[in-house]
Amino acid sequence: DFAEVRGGASPKKPPRGAQMYHGFGNGALRANCKKTAEWRDGVLMPHAKPMLQRLETSDAPVSAAAAARETAPTYLLARDEDCENMFHSTADHLNAYLVSEVLGEDRSAW
């Protein structure tokens, strides 16, 4: 639920720490599953931890009213925290290209 995402683009690189990542409210990420006894928040990467710690899980099916289905491919790119660096920025675009090749997607509409 994108309504539960906090933060936005910054004109300059934010200082290291929790404030350099977006914030997420409960339900920003939902899944039809359950966390197992092996789930450990401590092993999550810093950029993924704020979202995955708010993961809501359930065995109940998601109603059509609560979830919208995207019919077109959507590539969610978690930018590297050093994306102003030319190497890391280029790697992000290369990874998007590789995903499109693996999926056999036509990039002309991107």
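Residues numbered from 1 in each chain as written. Predicted model: local features only at pLDDT ≥ 70, side-chain atom pairs only at ≥ 80, totals over all residues. Heavy atoms only, no water.

Chemist: Residues and numbers for the overall build of the chain, please.
Modeler: Counting secondary structure elements, the chain contains two helices and four strands. Counted over contacts in the chain with a minimum sequence separation of 6, partners at least 24 positions apart contribute 52%. Within the structure as shown, the chain displays about 8,800 Å² of accessible surface, and the carbon and sulfur contribution to it stands at 57%. (Helix = DSSP H or I, 4+ residues; strand = E, 2+ residues; numbered from the N terminus. Contact = heavy atoms within 4.5 Å. Areas by Shrake-Rupley, 256 points an atom, 1.4 Å probe, with all protein chains shown as cover.)

Chemist: I'd love a proper account of the environment of Gly8, names of residues and values included.
Modeler: Looking at where Gly8 falls in the secondary structure, it is placed in the loop between strand 1 (5-6) and strand 2 (23-24). Classification of Gly8 as partly exposed rests on a relative accessible area of 48%. For the pair Gly8 and His22, spaced 14 residues apart in sequence, the C-alpha separation works out to 7.1 Å. (Buried < 20%, exposed > 50% of the residue type's maximum accessible area, 1.4 Å probe, protein only.)

Chemist: Could you give me a rundown of the environment of His93, with the residues and numbers involved?
Modeler: On the secondary structure map, His93 appears in helix 2 (residues 86-103). On a C-alpha basis, the gap between His93 and Leu77 in space is 9.1 Å, while along the polypeptide they are 16 residues apart.

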